[in-house]
Amino acid sequence: MVGAQKPYSVSEVTAILADQLRSLPRVVVEGEVSNCRAASVSGHLYFTLGDEKAKLNAAFFAFNQQAQQRLGEALPTVTNGCKVRAVGRIAVYAPHGSYHLRVEHLERCDGVGELLQRFDALKRKLFAEGLCDLKRKRKLPKVPRRIGIVTAPTGAAIHDILSILGRRYPNLHILIAPCRVQGEEAPAEIAQAIRLLNQHFGPTSKEPLDALIVGRGGGSLEDLWAFNEEVVARAVAASEIPVISAVGHEPDNAITDFVADIRAATPSAAAELLCGEKESFEKALKISKERLLNALREMYRRARQTLNAYKVSPLFRDPEYILATHAQRIDGLCVRLNHVFSTRYAEAKACLETQSLELQRACAEALPETVQRIQKQGVRLQLALERRLSAESASVQARAAKLSACDPYAVLRRGYALVTEQGGASVSKSQQVVIGQVVNVQLAQGRFSACVESVSPD
């Protein structure tokens, strides 16, 4: 039956579709811009319009831009994330066999796209909670032994990571937690994969993972949106295993980049980070090994030289001859030492005896004179002490008389009395007391109180 039907070429089918699309009326499409790029030479603008469920490629050619300007309407500034309203026709691009919206008129619907608004709101919320603080960031181990990868089991991301690690880190143990990285179910699956790896391979497990790579390859803002969802961000922040966020390409930013411990520009860059730490450690280890080997070689060379020197030494060639020679020399020295010691001892003993006799004779001659001189000095000292004692005794007696004259009780013993008020103040004038006042009277022996009956002037 197929053979009876005339076959169409691909270009013929594409031409038929193009004719059918040209018959469609203009459409007005609203959506969020992503993958926006401008041709540097022609000035054509290419971008993707999307919402939560679908996306549509669009092209705003330079001549359509000029036509809009001739109508007096300014061209809007189009950036990724902004929401626009485009008027145009659906067309087919034959070389790629894809359809797109050929834009004839373009305008902005609002200042910031809905997705970017959600992105900024979640970012502010996570920063306010402290989940993006630098103090929470952990460093990767120098030489990781086991790592986990949370990404799609197929695609460029996992291929690039495994290719780099397989080539530069072949002994690294890799555990892959497959999940979808795009679509409505992707955020929940990514978060669940992170939680499962922490549950079974966390720091307290028997075989803990040293790091997690969470990410995917490049794509539009809509394609990468799963990594901007709050459930994924909180799973990354709660991970006990250090997390490397590797989402998209260099200019792409995801919420996971802010809460993860390390941000890698691409999945390949994440693999490079792990290899770089290992290669730096291996390089340092290689340098240390070379230094150790050089030191051992130098020690061996010096030991060899010392051994060769010992081999030609007379002591190793004929040790008994050397020992006999030194033994004879020691015997000669011992004989000389004994002779010198005996001679010096005899001389010292004779000298000591002579000096002892001279000392005894000098003491016998000097002793009587010394005794007589000591006796005379003793008599003189006794006289001087007696004179000094007499003088000091007279001085003490004179001072005692003066001190006795100053004794207030001596005055009281002559019949006088000391009058004081009840507070203890001395009464020396009649004006100090009043009639009826009680005063204290101190005598040479005892005291009593008296009441003032009369007061006389001075």
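Residues numbered from 1 in each chain as written. Predicted model: local features only at pLDDT ≥ 70, side-chain atom pairs only at ≥ 80, totals over all residues. Heavy atoms only, no water.

Draft legend 1. Layout of a nonpolar patch on the surface. On the surface, a cluster of nonpolar side chains totalling about 380 Å² of accessible area is made up of Tyr8, Val13, Ile16 and Leu17. As for its position among the elements, Tyr8 is in the segment before helix H1 (10-22). Classification of Tyr8 by relative accessible area gives exposed; the value is 54%. (Patch = residues over 30% accessible without salt bridge, like charges linked within 9 Å, V, L, I, M, F, W, Y side chains within 5 Å. Areas by Shrake-Rupley, 256 points an atom, 1.4 Å probe, with all protein chains shown as cover. Salt bridge = Lys/Arg side-chain N within 4 Å of Asp/Glu carboxyl O. Helix = DSSP H or I, 4+ residues; strand = E, 2+ residues; numbered from the N terminus. Buried < 20%, exposed > 50% of the residue type's maximum accessible area, 1.4 Å probe, protein only.)

Draft legend 2. Just the environment of Tyr409, in detail. Inspection of the secondary structure puts Tyr409 in helix H11 (residues 408-413). Spatially, the C-alpha atoms of Tyr409 and Gln445 are 9.1 Å apart, while their sequence positions differ by 36 residues. Excluding anything up to four places from it in sequence, Tyr409 contacts Gln442 and Ala444. (Contact = heavy atoms within 4.5 Å.)

Draft legend 3. Local environment of the sheet that holds strand S13 (residues 447-451). On the basis of which strands lie adjacent, the open sheet formed by 3 strands has the order S11-S12-S13 and antiparallel pairing. The open sheet has two free edges, formed respectively by strand S11 (418-420) and S13, since each of these has just one partner strand. Between one strand and the next, the sheet's axes are offset by a mean angle of 30 degrees, whatever the strand orientation. Where S11 lies against strand S12 (residues 438-442), 3 bridges are found, and the strand directions are antiparallel. In the sheet register, Thr420 faces S12, and the bridge partner there is Asn440. (Pairing = 2+ DSSP bridges. Axes fitted to C-alpha atoms, helices over the stretch in contact; angles between N-to-C directions.)

Draft legend 4. Representation of the packing of aromatic side chains in the model. Scanning the model with the defined rule gives 5 aromatic pairs in all. Ring centres of Phe341 and Tyr345 lie 6.5 Å apart, and the angle between their planes is 15 degrees; on these two criteria the pair is classed as stacked. Separated by 4 residues within a single helix, Phe341 and Tyr345 lie in helix H10 (residues 319-405), roughly one turn from each other. Accessibility assignment for this pair places Phe341 and Tyr345 in one class, exposed. Cluster of aromatic residues (ring-pair linked, three or more members): Tyr46, Phe61 and Phe63. (Phe/Tyr/Trp six-rings, centres within 6.5 Å; stacked < 30°, edge-to-face > 60°.)

Draft legend 5. Fine view of the pairing of S12. Note: S12 against S13, 5 bridges, orientation antiparallel. In the strand pairing of S13, Val439 is matched with Ala450. Between the antiparallel neighbours S12 and S13 lie 4 residues, among them Gly446 with a positive phi of about 95 degrees.

On their own, these measurements won't tell you what the molecule is for.
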